[in-house]
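Coordinate analysis (summary)
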Amino acid sequence: MPESQLRDARWLDARLRRLWDAYFSDAPAGYPITVFFGRRARYRYGSIYSRGRQCFITVNGLFAHPAVPEHVVDATLIHELAHYVHGYGSGLRKLHSSPHRGGVIDRELKQRGCWHIEERAAEWRRTRWPDFYVEQNGHALEHRALREEDGNARWSAFLEAPGMRTLEEVRHRADALARLFGFGSAPFTVEWLPASLHRRGLSYRMRSTQTVRIHGLLADPRVPDEVIDYELLYWLATEACGPHWHQLEQGLKQRRLWARASRGIRWRRKVWAGFLAEHHPLRSRK
Ligand SMILES: [Zn+2]
């Protein structure tokens with residue numbers, strides 16, 4: 001296979017630029033875009049999000065396979081670019097209250113003259129994609145060991161995707177917060193937990209190994225910083241102030257951390273269950 005045909009992030013980037021120039025060149029430019037292959041998902045072809053002032057577009061990892069027609073990749077890219085011009089992941093003004101409501105993406109692609117790409121791709125996805133997906137993943141669906149391997153691979157891909165919170169960042173944060181409690185550094189090691197679907201806790205303290213394992217989904221930049229902070233503060237305050245809730249609350253209030261912790265607590269209560277159901281890397285979604 002000639003090198004130019006290798007489907008990697010650079011290949012994706014070149015296609016994205018071509019599509020932008022052909023169909024979106026009159027659109028306002030928002031955050032710069034980084035594009036890469038992401039999860040090998042059943043139901044999700046692509047995604048767009050921002051972190052800081054950087055836009056990230058992911059394309060289904062299975063689309064890197066040379067048997068997937070290039071127009072299927074292109075259809076995913078123009079779909080995400082339509083989100084981009086609608087203000088998702090781009091820092092541009094949001095034009096619609098919800099990313100897909102009322103067929104706004106289809107209308108955008110029609111107006112820009114690239115609807116034919118989506119139509120061809122939709123045909124392939126309808127007729128070929130289900131079999132292709134099973135061919136590529138059939139072994140993982142059949143054998144538990146391989147499924148676990150697949151789960152680990154999915155977690156790795158998730159945690160290593162550009163824009164995710166890194167373990168290093170969280171450990172730095174743990175050390176900084178630990179100093180507020182008189183520790184030189186965090187009295188435990190922070191690790192990500194590549195959690196199975198039935199794990200619903202946001203973090204776990206492993207006494208035997210002196211580690212705190214934080215649910216890997218909290219690496220997602222859409223999870224507010226306060227949520228991570230609260231998980232860390234909970235274990236730090238428990239260590240420094242005692243195991244009872246009133247001790248924890250008092251310890252945080254004395255250090256003026258209570259308001260911040262409360263925002264984390266509120267997110268846990270109101271958002272976490274839904275976020276977990278929607279974004280867990282081991283869950284296939286429609
Ligand atoms: Zn979409």
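All of these numbers come straight from a predicted model, not from anything done at the bench.

1. Looking at the packing of helix α2 (residues 70-85) against helix α3 (residues 104-111)
- Interhelical geometry of α2 versus α3 gives an angle of 100° and a closest axis separation of 10 Å. Comparing their axes, α3 and α2 come out roughly perpendicular. Seen from α2, the contacting residues are I78, H79, A82, H83 and V85; seen from α3, they are I105, E108 and L109.
- Here the contact of α2 with α3 is composed, by residue class, of 5 nonpolar, 2 polar and 1 charged.

2. A short note on the packing of α2 against helix α4 (residues 115-127)
- Where α2 contacts α4, the axes come no closer than 8 Å and their chain directions differ by 120°. In terms of axis orientation, α2 runs oblique to α4. Here α2 runs over α4; the crossing is left-handed. Counting all contacts with α2, which are made through H71, V72, D74, A75 and I78, the residues of α4 involved are I117, E118, R120, A121, W124 and R125.
- Among the residues making up the contact of α2 with α4, the classes are represented as 6 nonpolar, 1 polar and 4 charged.

3. Concerning the domain arrangement of the protein
- Split into domains, the protein comes out as domain 1 (3-160) and domain 2 (167-279).
- On a C-alpha basis, the centres of domain 1 and domain 2 stand 33 Å from each other.
- Of the roughly 750 Å² buried between domain 1 and domain 2 on both sides combined, carbon and sulfur atoms contribute 67%.
- The interface formed by domain 1 and domain 2 holds 1 salt bridge in total.
- Our enumeration of links across domain 1 and domain 2 arrives at 3 residue pairs in polar contact (both at pLDDT 80 or more).
- Among the secondary structure elements, those contributing two or more residues to the side of domain 1 that touches domain 2 are β2 (46-51) and α6 (144-160).
- When residues in the side of domain 1 that touches domain 2 are grouped by element, the largest group, 3 residues, is from α6.
- Classifying every residue of the side of domain 1 that touches domain 2 gives 4 nonpolar, no polar and 2 charged.

4. Brief notes about the environment of E249
- Assignment of secondary structure puts E249 in helix α9 (residues 245-254).
- Its relative accessible area of 22% is what places E249 among the partly exposed residues.
- Residues E249 and I105, spaced 144 residues apart in sequence, show a C-alpha to C-alpha distance of 47 Å.
- Polar side-chain contacts of E249 include one of 2.6 Å to the side chain of K253.

So, how was this worked out
- Residues numbered from 1 in each chain as written.
- Predicted model: local features only at pLDDT ≥ 70, side-chain atom pairs only at ≥ 80, totals over all residues.
- Heavy atoms only, no water.
- Axes fitted to C-alpha atoms, helices over the stretch in contact; angles between N-to-C directions.
- Helix = DSSP H or I, 4+ residues; strand = E, 2+ residues; numbered from the N terminus.
- Parallel < 35°, antiparallel > 145°, perpendicular 65-115°, else oblique.
- Contact = heavy atoms within 4.5 Å.
- Nonpolar A, V, L, I, M, F, W, Y, C, P; charged D, E, K, R; others polar.
- Left-handed = near helix turned anticlockwise from the far one by under 90°.
- Domains from an automatic or database assignment.
- Buried area = accessible area lost by both parts, 1.4 Å probe.
- Salt bridge = Lys/Arg side-chain N within 4 Å of Asp/Glu carboxyl O.
- Polar contact = N/O pair within 3.5 Å; in protein donor to acceptor, adjacent residues only side chain to side chain.
- Buried < 20%, exposed > 50% of the residue type's maximum accessible area, 1.4 Å probe, protein only.

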